[in-house]
Amino acid sequence: MSTSCVQAFELRAGVVVCEINRPDALNALNTEVLHELLRQVESVKCNDSASVVILRSVGDKAFVAGADIKEMLNYSTDQAFRFSSLGQSVFSALSDLPQVVIAQVQGFALGGGLELALAADFIIASQKAKFGLPEVGLGLIPGFGGTQRLVKRLGFAKALEWMTSAERYSAEVAYQLGLLNRVLEHEQLSTGVEALAQTIAAQGPRAVRAAKRAARAAESSHGQLGFEFEAQLFSSCFAGAEAREGLSAFVEKRKPEFRSIER
Ligand code: CAA
């Protein structure tokens, strides 16, 4: 497979698109796609001018239909462990990006596809999207971090129901359960996601990154530690020109000019 199975490009100032391009296999994640995704994530991480990453895929039918079943068919337990560890590390690298990551889900997000969307900061889906964890129907369990992330997102009982029933859920149900931030009409999905990305990219870039770090810390720490980290990040916003620009712009009744500030 050529390196074009995952591409990253700048859509507009502050917004990068990371796109999986394997529509013939419904964007199923094989080892090559995972390695390429990691390569693109690592390059996006160094993009200091980006505030938002839109994670999306090519084709109308599926965001990602899961890990590649054909590749896994004859896996030994060692190979399966390595595959799971690879997927977990790629998805963690995605979650840990300093930018806000939006998963744009246009169709099936099943198994590893749902796990990938869960590794984003939030998910925006088409009304046509379908979600589920069919792994138990294959005699497997989710192996790319989904058992952990779905419990955090839906709570233990709902997550376990999803994991053990292998049922598929509509975007409407997923939205009601809090899995999705927004559900948009299918034809409006790209423009809706891009408009939100642009709104985020127009804010103070350092502040957006600090907000993400603080919010992520809320997931892994509790109580005082989280508050202390928040206070550190809050005060660090005052170290650069960005807060000066934002605060002065308000006082001077003008729009802030964040993008021209050197970082
Ligand atoms: N792996 C490999 N190939 C896949 C695939 C997958 N996960 N999902 C779809 N494909 C391939 C199909 O084999 C088919 O290829 P061919 O044309 O060469 O036969 C092509 O994509 C189109 O798929 P379908 O013909 O099946 O399309 P459909 O519209 O009839 O059905 C679907 C769509 C319901 C998504 C169905 O493809 C499907 O159920 N896919 C598998 C979903 C799944 O079980 N995902 C979990 C995988 S396990 C996992 O993810 C483990 C983990 O956590 C690490």
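If you're wondering where the values come from, they're calculated on a predicted model, not measured in any experiment.

> Can you walk me through the sheet that holds strand 6 (residues 108-110) in this structure?
For sheets, the rule is that strands pair by backbone hydrogen bonds, running either parallel or antiparallel. With mixed pairing, the four strands of this open sheet are ordered in space as 4-6-8-9. Looking at which strands have only one partner, the edges of the open sheet turn out to be strand 4 (62-64) and strand 9 (168-170). Each strand axis lies, on average, 25 degrees off the axis of its neighbour in the sheet, ignoring direction.

> Help me out: how do you make sense of the sheet that holds strand 5 (residues 100-105) in this one?
Across the sheet, which stays open at both edges, the six strands sit in the order 1-2-3-5-7-10 with mixed pairing between neighbours. Since the sheet does not close on itself, it has two edges, and those belong to strand 1 (6-12) and strand 10 (182-184), each with one partner. Taken over all neighbouring pairs, the strand axes of this sheet differ in orientation by 25 degrees on average, direction set aside. Across three bridges, the pairing between strand 7 (residues 122-126) and strand 10 is parallel.

> It is not clear to me how the site of the ligand should be interpreted in this structure. Could you clarify?
In the region of the ligand, 24 residues are neighbours, and Lys61, Ala67, Gly112, Glu115 and Glu135 sit closest. Measuring from an oxygen atom of the ligand, one finds a backbone N or O atom of Gly112 at 2.9 Å. Elements supplying a minimum of two residues to the shell around the ligand: helix 2 (69-72), strand 6 and helix 4 (112-119). The element that contributes the greatest number of residues to the shell around the ligand is helix 2, accounting for three residues. The residue inventory of the shell around the ligand, partitioned by class, reads 13 nonpolar, four polar and seven charged.

> Mind showing me how you'd approach unusual backbone geometry here?
Phi is mostly negative for residues that are not glycine, and the peptide bonds are mostly trans. A positive phi angle is found at Asn27, which is not glycine, with a value near 60 degrees. Among the secondary structure elements, Asn27 is positioned in the loop between strand 2 (15-20) and helix 1 (31-45). Residue Ala166 is not a glycine yet carries a positive backbone phi of 60 degrees. Its relative accessible area of 25% is what places Ala166 among the partly exposed residues.

> Got a minute to help me understand the pattern of salt bridges in this structure?
A side chain with one charge may pair with a side chain of the opposite charge, provided their charged atoms come close. Applying the stated criterion to the full structure yields 10 salt bridges. Among the ionic contacts, a cluster of salt bridges with common partners joins Asp121, Lys212, Arg216 and Glu219.

> Explain the packing of aromatic side chains to me, please; I cannot follow it from the model alone.
What characterises a pair of aromatic rings is the spacing of the ring centres plus the angle enclosed by the ring planes. Overall, the coordinates contain four aromatic pairs when judged by the stated rule. Their ring planes at 70 degrees and their centres at 5.4 Å tell us that Phe91 and Phe144 sit as a pair that is edge-to-face. Here Phe91 is found in helix 3 (residues 77-95), whereas its partner Phe144 is found in the loop between strand 8 (130-132) and helix 5 (146-154), with 53 residues between them in sequence. Each member of the pair Phe91 and Phe144 is classed as buried. Ring geometry for Trp162 versus Tyr169: centroids 4.0 Å apart, planes at 5 degrees, classification stacked. For the pair Trp162 and Tyr169, one class covers both residues: buried.

> I would appreciate a short explanation of helix 6 (residues 156-165) in the present structure.
Each α-helix turn comprises 3.6 residues. Residues three or four places apart therefore point the same way. Burial in helix 6 covers these residues: Ala159, Trp162 and Met163. For helix 6, the buried positions fall inside an angular range of 95 degrees around the axis, keeping them on one side. Summarising the geometry of helix 6, the exposed residues directed more than 90 degrees from the buried face are Ala157 and Thr164. Elements that come into contact with the buried residues of helix 6 comprise helix 4, strand 8, helix 5, strand 9 and helix 7 (171-176). Ala166, located one to two residues past helix 6, shows a positive phi value of around 60 degrees.

> Explain the side chain of Ser51 to me, please; I cannot follow it from the model alone.
Note on placement: Ser51 falls in the loop between helix 1 and strand 3 (52-57). Overall, the relative accessible area of 0% leaves Ser51 in the buried class. Contacts of Ser51, omitting those with residues within four sequence positions, involve Gly14, Gln99, Val100, Ala201, Pro205, Val208 and Arg259.

> Teacher, can you tell me more about the pairing of strand 7 here?
A regular strand carries its side chains on alternate faces of the sheet. Burial analysis of strand 7 places five of its five residues in the buried class, which makes it a mostly covered element. Neither face of strand 7 is exposed, since Phe122, Ile124 and Ser126 on one face and Ile123 and Ala125 on the opposite face are all buried. Where strand 5 lies against strand 7, four bridges are found, and the strand directions are parallel. Note on strand 7: the bridge partner recorded for Val105 is Ala125.

Calculation criteria
Residues numbered from 1 in each chain as written. Predicted model: local features only at pLDDT ≥ 70, side-chain atom pairs only at ≥ 80, totals over all residues. Heavy atoms only, no water. Pairing = 2+ DSSP bridges. Helix = DSSP H or I, 4+ residues; strand = E, 2+ residues; numbered from the N terminus. Axes fitted to C-alpha atoms, helices over the stretch in contact; angles between N-to-C directions. Near = heavy atom within 4 Å. Polar contact = N/O pair within 3.5 Å; in protein donor to acceptor, adjacent residues only side chain to side chain. Nonpolar A, V, L, I, M, F, W, Y, C, P; charged D, E, K, R; others polar. Buried < 20%, exposed > 50% of the residue type's maximum accessible area, 1.4 Å probe, protein only. Salt bridge = Lys/Arg side-chain N within 4 Å of Asp/Glu carboxyl O. Phe/Tyr/Trp six-rings, centres within 6.5 Å; stacked < 30°, edge-to-face > 60°. Arc of directions from axis to C-beta. Contact = heavy atoms within 4.5 Å.

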